Amino acid sequence: MSVLPAALTIVPPNHALSGRVAPPGSKSITNRALLMAGLAVGTSQLSGALKSKDTALMAAALKQMGVGVDEPDETSFVVSGSGKLTAPDQALFLGNAGTAVRFLTAAAATIDGQVVIDGDEHMHRRPIAPLVAAIASLGIDINSATGCPPVVVNGRGNFGSGRIEIDAGLSSQYVSALLMAAPLGAGPIDVVLTGSDIGARGYIDLTLAGMRSFGALVEQVDAGRWRVEPTGYQATALAIEPDASAATYLWGAEALTGGNIDLGIKADAFTQPDALSQAFIAQFPNMPAVIDGSQMQDAVPTLAVLAAFNNNPVRFVNIANLRVKECDRVAALANELNRIRPGLAREDGDDLIVAADPGLSGQRLPTRIETYADHRIAMSFALAGLKIGEITILDPACTGKTYPGYWDMLSDLGVVLTPGQ
Ligand SMILES: O=C(O)C1=C[C@@H](OP(=O)(O)O)[C@@H](O)[C@H](O)C1
Ligand SMILES: C=C(OP(=O)(O)O)C(=O)O
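Residues numbered from 1 in each chain as written. Chains lettered and ligands numbered in written order. Predicted model: local features only at pLDDT ≥ 70, side-chain atom pairs only at ≥ 80, totals over all residues. Heavy atoms only, no water.

**A word on the site of ligand 2**
Inference 1: Residues in contact with ligand 2 amount to 14 residues; listed here are only the nearest, K27, G98, R126, R376 and K401.
Inference 2: Taking T99, its main chain carries an N or O atom lying 3.3 Å from an oxygen atom of ligand 2.
Inference 3: Here ligand 2, which alone exposes 300 Å², has 99% of that area covered by the protein.
Inference 4: When atoms are counted within 2 Å of each cavity's grid points, the one that captures over half of ligand 2 is the largest cavity.
Inference 5: Mapped onto the shell around ligand 2, the elements with two or more residues apiece are α3 (98-108) and α11 (375-384).
Inference 6: Among the residues forming the shell around ligand 2, the class breakdown is one nonpolar, five polar and eight charged. (Near = heavy atom within 4 Å. Polar contact = N/O pair within 3.5 Å; in protein donor to acceptor, adjacent residues only side chain to side chain. Areas by Shrake-Rupley, 256 points an atom, 1.4 Å probe, with all protein chains shown as cover. 1 Å grid on protein atoms, 1.4 Å probe; cavity = no way out; pocket = protein on both sides within 12 Å on 5 of 7 lines; lining within 4 Å. Sits in = over half its atoms within 2 Å of the grid points. Helix = DSSP H or I, 4+ residues; strand = E, 2+ residues; numbered from the N terminus. Nonpolar A, V, L, I, M, F, W, Y, C, P; charged D, E, K, R; others polar.)

**Describing the sheet that holds strand β21 (residues 364-369)**
Through backbone hydrogen bonds, the strands of a sheet pair up, either in parallel or in antiparallel fashion.
Inference 1: Strand order in this open sheet of four strands is β21-β22-β1-β23, and the pairing throughout is mixed. Looking at the sheet topology across the chains shown, the edges are occupied by β21 and β23 (416-419). With strand direction ignored, the average angle separating the axes of adjacent strands in the sheet is 20 degrees.
Inference 2: The pairing of strand β1 (residues 7-11) with β23 spans four bridges and is classified as antiparallel. Bridging across to β23, I10 finds its partner in L417. (Pairing = 2+ DSSP bridges. Axes fitted to C-alpha atoms, helices over the stretch in contact; angles between N-to-C directions.)

**Digging into the environment of S28**
Inference 1: Within the secondary structure, S28 is located in helix α1 (residues 27-39).
Inference 2: In this structure, the C-alpha to C-alpha distance between S28 and T402, residues 374 residues apart in sequence, is 9.9 Å.
Inference 3: For S28, the residues in contact, after removing those within four places along its chain, are Y203 and L206. (Contact = heavy atoms within 4.5 Å.)

**Overview of the UniProt feature "domain: Enolpyruvate transferase" (unreviewed entry) in the protein chain**
Inference 1: In this numbering, the UniProt entry assigns the feature "domain: Enolpyruvate transferase" (unreviewed entry) to residues 14-410.
Inference 2: Secondary structure content for residues 14-410 is 30% helix and 23% strand, and the end C-alpha separation is 14 Å. (UniProt positions renumbered as here; feature names shortened; annotations may be inferred.)

**Structural notes on the packing of aromatic side chains**
Inference 1: A complete count under the given rule lists four aromatic pairs for this structure.
Inference 2: When the centroid spacing of 5.1 Å and the interplanar angle of 85 degrees are considered together, the rings of Y406 and W407 count as edge-to-face.
Inference 3: Y406 gets classed as buried once you look at its relative accessible area, which sits at 0%.
Inference 4: Looking at W407, the relative accessible area reads 1%, which means it is buried.
Inference 5: Among the aromatic residues, ring-to-ring pairing joins Y249, Y403, Y406 and W407 into one connected group. (Phe/Tyr/Trp six-rings, centres within 6.5 Å; stacked < 30°, edge-to-face > 60°. Buried < 20%, exposed > 50% of the residue type's maximum accessible area, 1.4 Å probe, protein only.)

**Looking at the sheet that holds strand β7 (residues 112-118)**
Inference 1: Strand order in the open sheet formed by four strands is β6-β7-β9-β8, with mixed pairing between adjacent strands. Pairing within the sheet leaves two strands with one partner each, and these edge strands are β6 (92-93) and β8 (141-143).
Inference 2: In this sheet, β7 lies alongside β6 in parallel orientation, the contact comprising two bridges. Considered in β7, the bridge of L92 is made with I117.
Inference 3: Along the sheet, α3 contacts β6, β7, β8 and β9 (151-156); its crossing angle with β7, the most-contacted strand, is approximately 165 degrees.

Shown next, in the form of structure tokens:
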């Protein structure tokens, strides 16, 4: 579909969804690799990469800071760096890409000069104050007037040294951001957590693995402390694995339709946290009564839509930070499930309770799903449209944040999509 309509209505397929689908490259790994390749000395070859809005914004921002970025084909980046970023002429505009905003805020603090980090109206509501405070504690001049982007940083050419404390309760991306900037320190840097809450720790593991691929020396001293040596980064060649969060929609489509989709990679081969959700999806329609979403947060929308068709209700716990993602996902999931059938979901504090109703399958329930400019709300509610007649997804183009080919992929699996009203 070259130009997407303003709304898409899904015709439930009357067959199991089966075939081969290669999910796009991992957003988390691509944006880490782009950044570290940009900070490295030499030319890095990234293959299997995601090409989407979030990675295009990261690549464009790096170019603004003197990095060479070529795109020889649909899944590769060739990135040339000098070991240092340079101050851009204009503000970095990063849309609603959390990884790009958080990672570049710390990286920009290594520059000698001023950088303004900005995003769209949604990003203007996503908190960044703990990261700004942590960078300021290194003696770097950095401010965000509202506690959310825009951020203005006036760096002095290195990241400093010593101990940085960070409260990562709102986002693990703050820790990843500090760790990835730390090899450009003036001396060793210890990154120390002040709280026990850090969201999905699997994202920190991805960061450490990426740093080591680019030649950094980083060691986890204990559960809440990492030590990074001031080595800088060296260019490398990196093959990026498929996106585990994207895979959840395919596992969900398989589970709902009794299909068999070959992703070309087994669930246990992923290194990204959302792959943990496959063990729950595999239990559908008997997913457990309580699911802790903390270690697979981006998979929660997928699991919540599946839960609507489960045999028993599901309570999702430890998902408070879903309220500060692209939208308030706890509220969005409850609102949109209730739009399909009143009473299907409710919020209980920060928990989400989905009241299972296997009888939804096969019904015709014309519903226009509001997507809040959130790719995951669009992609997960499309799964409801595989079982319920006349589910319409508003603003389907919002999937371009991480999965531009999502609707083509569904249509290649034999799902009929019609322009919605
Ligand atoms: O580090 C990463 O690549 C990510 C970390 C998570 O965010 P938080 O750390 O803000 O929870 C996740 O939701 C996001 O999509 C990607
Ligand atoms: C939370 C997400 O993205 P980010 O924080 O990178 O904007 C996501 O992709 O679900």
